[in-house]
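Remarks on the overall topology
These are the residues of each chain, in order.
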Amino acid sequence: MITVRDAQQTVLKKIHRLKPEQVDLLGSLGRVVAEPIFAKRDQPPWDNSAMDGFAVSSRDIGKTPVILKVIGEIAAGGLSRGPVKPGEAVRIMTGAPLPEGANAVVRIEDTDPLDGKKVKILRQVISGENVRNRGEDVTSGEMVISEGTLIGPAEVGMMASVGRAWVRVYRRPRVAILATGDELVDPGEQPEPHQIMNSNAYALAAQVTEAGGKPVLLGIARDEHKDLADKLEAGRNTDVILISGGVSVGKYDFVKDVLSQMGVHLSFWKVAMKPGHPLVFGTLQSSSVYGLPGNPVSTMVTFEQFVRPALLKMAGHEAIFRPTIRAVLKEPFHKKDGKTHFVRAQVMKEEEMYFVRALRNQSSGVLSSMVRSNGLIIVSDTVQEISDGEKVLVQLLDKRLHGQAVPGF
Ligand code: AMP
Ligand code: MG
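What comes next is a walk through the structure. Here the structure is a predicted model, which is why all the values come from computation and not from measurement.

**Observations regarding the overall build of the protein chain**
Scanning the protein chain from terminus to terminus reveals seven helices and 28 strands. Its C-alpha atoms give the protein chain a radius of gyration of 31 Å, clearly above 22 Å, the size a compact globule of 409 residues would have. Seen through its principal axes, the protein chain has C-alpha atoms that stretch 95 × 50 × 40 Å. Taken across its 409 residues, the protein chain has 48% of its residues classed as buried. Within the protein chain, counting contacts between residues at least 6 apart in sequence, those at least 24 apart form 70% of the total.

**A short note on helix α5 (residues 255–262)**
V255, V258, L259 and M262 are the residues of α5 that are buried. Taken down its axis, α5 places every buried residue within 100° of arc, on the same side. Buried residues belonging to α5 abut β13 (174–180), α4 (225–233), β17 (240–244), β18 (265–270), β20 (278–284) and β21 (287–292).

**With respect to the packing of aromatic side chains**
Going through the model one piece at a time under the given rule, you end up with three aromatic pairs. Ring-pair connections join several aromatic residues into one group, and the members of that group are F268, F281 and Y290. Here R91 stacks its cationic end above the ring of F54, 5.6 Å away from the centre of that ring. It is R164 that lies over the ring of W166; its NZ or CZ is 4.4 Å from the centre.

**Digging into the site of ligand 1**
Inspection of the region around ligand 1 gives 15 residues, with E183, N198, S199, G246 and G294 positioned closest. Contact between ligand 1 and N198: a nitrogen atom at 2.9 Å from a side-chain N or O atom of the residue. N295 has a polar backbone atom sitting 3.3 Å from an oxygen atom of ligand 1. Relative to its unbound accessible surface of 480 Å², ligand 1 loses 77% to contact with the protein. When each cavity is represented as a set of grid points, ligand 1 is found to reside in the largest pocket. Secondary structure elements with two or more residues in the shell around ligand 1: β13 and β15 (196–197). Its residues placed into classes, the shell around ligand 1 shows five nonpolar, nine polar and one charged.

**Quick look at the environment of H16**
Here H16 lies in the loop between α1 (4–14) and β1 (20–24). Overall, H16 belongs to the exposed group, its relative accessible area being 55%. For H16 and R326, which are 310 residues apart along the polypeptide, the C-alpha to C-alpha distance reads 31 Å.

**Quick notes on the side chain of T180**
Position of T180 among the secondary structure elements: in strand β13. In terms of polar contacts, T180 uses its side chain to reach the backbone carbonyl oxygen of S244, at 2.9 Å. Polar side-chain contacts of T180 include one of 3.3 Å to the backbone oxygen of G245. With sequence-adjacent residues up to four places away left out, T180 is seen in contact with A221, D223, L228, I243, S244, G245, G246 and V255.

Rules behind the numbers
Residues numbered from 1 in each chain as written. Chains lettered and ligands numbered in written order. Predicted model: local features only at pLDDT ≥ 70, side-chain atom pairs only at ≥ 80, totals over all residues. Heavy atoms only, no water. Helix = DSSP H or I, 4+ residues; strand = E, 2+ residues; numbered from the N terminus. Rg over C-alpha atoms; globule rule 2.2 N^0.38 Å. Buried < 20%, exposed > 50% of the residue type's maximum accessible area, 1.4 Å probe, protein only. Contact = heavy atoms within 4.5 Å. Arc of directions from axis to C-beta. Phe/Tyr/Trp six-rings, centres within 6.5 Å; stacked < 30°, edge-to-face > 60°. Lys NZ or Arg CZ within 6 Å of the ring centre and 35° of its normal. Near = heavy atom within 4 Å. Polar contact = N/O pair within 3.5 Å; in protein donor to acceptor, adjacent residues only side chain to side chain. Areas by Shrake-Rupley, 256 points an atom, 1.4 Å probe, with all protein chains shown as cover. 1 Å grid on protein atoms, 1.4 Å probe; cavity = no way out; pocket = protein on both sides within 12 Å on 5 of 7 lines; lining within 4 Å. Sits in = over half its atoms within 2 Å of the grid points. Nonpolar A, V, L, I, M, F, W, Y, C, P; charged D, E, K, R; others polar.

Here's what the structure looks like:
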């Protein structure tokens, strides 16, 4: 049986970045840039005023107060005026180009505008004061965003600032999701007494979306070869196929057989982990196929460990793993087997220290434990006993662990 680490490496070795596509600037948020972005001109394009005030030559203002002649005004968007000669000033607004002959701006608060034709300067300025220099943000030809950068709001702003209306980003993986099981019905349908809800397909679709992929729901396949094979056909042109259930050793667990018949090249079908022991991974031409165990917690936890990093890698991300922290264990933990355990847990932060408590019910069928946990304690295969007070590794699930400050900082 393969270890979690080896299984993860096997998967990631077979996964490659998808081809880039072009998207509108606003559609690029959360995507990864597939090209370097360059500035075509200096930013700002000219020296300009950082304040509302009067553009002057600092040499003119020796002793204050001094009275200067106002020869005109420039608003943002206006063309440069000038030249400003000795004894003169130009009324200037924030962002307007600095007129020729001026090298500083006196803030309006430091002046007495008199009758509008003249201004009394009350405070000395030095050369360059309240002036934003041409190219101080970016210079023409400079690379402002490198290939591989995750696009956040600042990157969107920067691309707009250099005039880009579109950008090339790595494509989002399309992920087919097939639930299997004679016992399943979809939400919205009325379950018969012997039936349960298909929750896995929806949890998986949400996980795919959260990881930046596009879920394609293939429905529910009954536990028989033909229905499985037929429904899987619909997923052939996707980048990833996820199947939940039917991968164990039950009499009606046919997924592995059907995948082999379809020509899927299987890499492994058991991983030494809990939850999630039966886990199939294979490749079919350029797509990858995961047979995830059907128990709702196992499905979600195996997705977290193997599928999420793969989807992020496909979409060009470099940070593909969830963050981990070290937290003080509140109660002792023990296990008997030599598997890696992912223990659903509640992490809390007290005075800059993390503490963690495992949830009591670790059954892989108890989906409510996923709702109540915000982290997974990772207990490695070689460890069996951990005392309370020891520090353990915790994978943080995105559940707003850090909360929010009151009143907002
Ligand atoms: P299996 O891996 O098919 O043997 O399923 C293991 C357990 O998970 C069984 O109790 C199933 O009823 C349950 N299960 C399988 N698929 C789903 C699903 N899509 N939604 C909820 N539970 C499921
Ligand atoms: Mg089943």
